[in-house]
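Inside the fold
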Amino acid sequence: MIVQQSQKAVKEAVALLAEGKLVVLPTETVYGLAADAANGEAVAGIFAAKGRPHFNPLIAHVANRAMAENYVEIDRVSARLIEAFWPGPLTLVLPLKQGAAIHPLVSAGLPTLAIRNPKGVFADIVSLLGRAIVAPSANRSGRLSPTSAQSVADDLEGRVSFILDAGACPVGVESTIVKIDADKAFLLRPGGLATEEIEKFLGQKLIRLDQRAAIEAPGMMRSHYAPQARVRINAQDVRENEALLAFGAERIAHAERAKATLNLSPGGDMQEAAANLFDFMKKLDLADVQAIAVEPIPSHGLGEAINDRLVRAAAPRD
Ligand code: TXA
Ligand code: MG
């Protein structure tokens, strides 16, 4: 059931979470499938609803830094990042505190916890509940992440009973994941906070972890974010039975062949493009479309996260 955001709806979400139920909540990045991080049955319910491999750890969402300190050890560099970028689309991987009230399923047995402070109504709900809420993107494993309540309903039909609708997610791609180790900063997943912004702030380059270091961020599986249609990235032309995901002012060859066309950002704005990405891929995933041709997208700013998601959507499927 989709429920419009209101004070009553927020209270209801908090009550359901406290009872160990799953609810779908909006964040500034994508919609999340939320559960009480201390409740093992609820956390297991997330894996079941998503059809997600159990080794894939989840992000704990907190209301502020003080709440984070209940769960993780915050080093000097991470503290600066928190100060600068929370609340917002930055997840930090930090050492889990001994005895923290986080069910072991959350971090899949790792000694670390991915933690973030989202913006908006989600943070209010964490505050009201008074403890961390885990939430992966509210889609079935391997599918597109949802940026609207309706996309969640389409994908998770029958698997969730409460979807809090706060409209479209302003950022549109998942959070950037960073891990600090001995003052070195590693990028585990590009996302809604541009890498350049973090690098500028820290005055150092982020070390990009090779995909093969998958165990560091097991969610970084090769084929992910896939619509039903095949995805052809950096397309130079449009072929028969293809839809076109365009970017910017100029079209590739034979754009007129496209069964449908959507432009991520006619003006070339990376932020607008990120916000539209998952929604447009879903809209172009039509019954008579064999593949979605995607125009080349520059990789500055949020373009890095956009291209990361596109490469995964285009990867060979199992
Ligand atoms: O924007 C977001 O981050 C959204 C919203 C709902 O908050 N959440 C999200 O969660 O994208 P999910 O579960 O789809 O992605 C979590 C990522 C995965 O790539 C996972 O492997 C990684 O975080 N991760 C979680 N815990 C980790 C840990 N301890 N060490 C390394 N990576 C971790
Ligand atoms: Mg996801």
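Quick look at the structure, then.

Criteria and thresholds
Per chain, residue numbering runs from 1 following the sequence as it is written. Written order determines the labels here, with chains lettered from A and ligands numbered from 1. pLDDT decides what is reported in this predicted model: residues at 70 or higher carry local features, side-chain atom pairs at 80 or more are listed and counted, and totals for whole chains, interfaces and linings draw on all residues regardless. By convention in this description, side-chain values take in all heavy atoms of the structure and omit both hydrogens and water. To sort residues, take the accessible area from a 1.4 Å probe on protein chains only and compare it with the maximum for the residue type: under 20% means buried, over 50% means exposed, and anything in between is partly exposed. Strands are runs of DSSP state E lasting at least two residues, helices are runs of H or I lasting at least four, and both sets are numbered from the N terminus onward. Strand pairing follows a simple DSSP-based rule, namely that at least 2 bridges must link the two strands. Whenever Lys or Arg places a side-chain nitrogen within 4 Å of a carboxyl oxygen from Asp or Glu, that contact is recorded as a salt bridge. Here Asp and Glu are counted as negative and Lys and Arg as positive; His is not counted, and neither are the chain ends. The contact definition used throughout considers only heavy atoms, calling two residues in contact when any of these lie within 4.5 Å. Ring pairs are drawn from Phe, Tyr and Trp, using the six-membered ring of Trp, whenever the two centres fall within 6.5 Å, and their geometry is named by plane angle: stacked under 30 degrees, edge-to-face over 60, tilted for the rest. Within this scheme, the nonpolar core is defined by two criteria: the residues are buried Ala, Val, Leu, Ile, Met, Phe, Trp, Tyr or Cys, and they are joined through side-chain atoms within 4.5 Å. In protein, a polar contact requires one atom able to donate a hydrogen and another able to accept it; more generally it is a pair of N or O atoms within 3.5 Å, and residues adjacent in sequence count only if both atoms are side-chain atoms. Only the contacting stretch of a helix is used when fitting its axis, a line to C-alpha atoms as for every element, and angles between N-to-C directions run 0 to 180 degrees. Roughly parallel means an angle under 35 degrees; roughly antiparallel, over 145; roughly perpendicular, 65 to 115; everything else is oblique. Here is the rule for handedness: rotate from the far helix to the near one, and if that takes an anticlockwise turn smaller than a right angle the crossing is left-handed, while a clockwise turn gives right-handed. Residues are sorted three ways: Asp, Glu, Lys and Arg are charged, Ala, Val, Leu, Ile, Met, Phe, Trp, Tyr, Cys and Pro are nonpolar, and all the rest, Gly among them, are polar.

The next thing to look at is the pairing of strand β2 (residues 23–26). A two-sided burial pattern is seen for β2, the buried positions comprising Val-23 and Leu-25 on one face and Val-24 and Pro-26 on the other. Note that β2 and strand β3 (residues 31–36) share four bridges and pair antiparallel. Note on β3: the bridge partner recorded for Leu-25 is Gly-32. Connecting the antiparallel pair β2 and β3 is a turn made up of four residues.

With that settled, the discussion passes to the pattern of salt bridges. In total, this model carries 21 salt bridges according to the counting rule given. In this structure, the salt-bridge partner of Arg-65 is Glu-69, at a minimum N-O distance of 2.8 Å. The partner of Asp-308 in a salt bridge is Arg-309, with the nearest N and O atoms 2.7 Å apart. Residue classification places Asp-308 among the buried residues on the basis of a relative accessible area of 12%. When its relative accessible area of 0% is taken as the criterion, Arg-309 is described as buried. One continuous salt-bridge network, built from bridges that share partners, spans Glu-174, Asp-308, Arg-309 and Arg-312.

With respect to the helices and strands, the residue Lys-50 is situated in helix α2 (residues 40–50). Buried within the structure, Lys-50 lacks any salt-bridge partner; its nearest side chain of opposite charge belongs to Asp-155, at an N-O separation of 7.2 Å. Contacts of Lys-50, omitting those with residues within four sequence positions, involve Leu-33, Pro-136, Ser-137, Asn-139, Arg-140 and Ser-141.

Turning to the packing of aromatic side chains, a few remarks are in order. Here the distance between the centres and the angle between the planes together describe a pair of aromatic rings. The tally for this structure, following the rule as stated, stands at one aromatic pair. Centre to centre, the rings of Phe-85 and Phe-201 are 5.5 Å apart; their planes meet at 75°, and the pair counts as edge-to-face. With a gap of 116 residues between them, Phe-85 in helix α4 (residues 76–85) and Phe-201 in helix α7 (residues 195–202) connect regions that are remote in the sequence.

Turning our attention to the nonpolar core. Of all hydrophobic cores here, the largest spans 69 residues; its most connected members are Tyr-71, Ile-115 and Ile-125. Setting aside chain neighbours within four positions, we find Ile-125 in contact with Val-10, Ala-13, Val-14, Leu-17, Leu-25, Ile-133 and Leu-164.

Position of Asp-308 relative to the elements: it lies in helix α9 (residues 303–314). At 2.7 Å, the side chain of Asp-308 forms a polar contact with the side chain of Arg-309.

So, on to unusual backbone geometry. In the segment running from Trp-86 into Pro-87, the intervening peptide bond is cis, with an omega of -10°. For Pro-87, the location among the structural elements is in the loop between α4 and β5 (90–95). Here Asn-241, not a glycine, exhibits a phi torsion of approximately 60°, which is positive. Topologically, Asn-241 is positioned in the loop between β12 (230–232) and β13 (242–246). The exposure class assigned to Asn-241 is partly exposed, which follows from its relative accessible area of 29%.

Moving on, we come to the packing of helix α8 (residues 270–284) against α9. One way to put it is that α8 packs onto α9 with a least axis distance of 9 Å and a crossing angle of 20°. On the basis of their axis angle, the class for α8 and α9 is roughly parallel. For the element pair α8 and α9, the recorded crossing hand is left-handed. Of α9, the residues touching α8 (which contributes Met-270, Ala-273, Ala-274, Leu-277, Phe-278 and Met-281) are Gly-303, Ile-306, Arg-309, Leu-310 and Ala-313. The class makeup of the residues in the contact of α8 with α9 is nine nonpolar, one polar and one charged.

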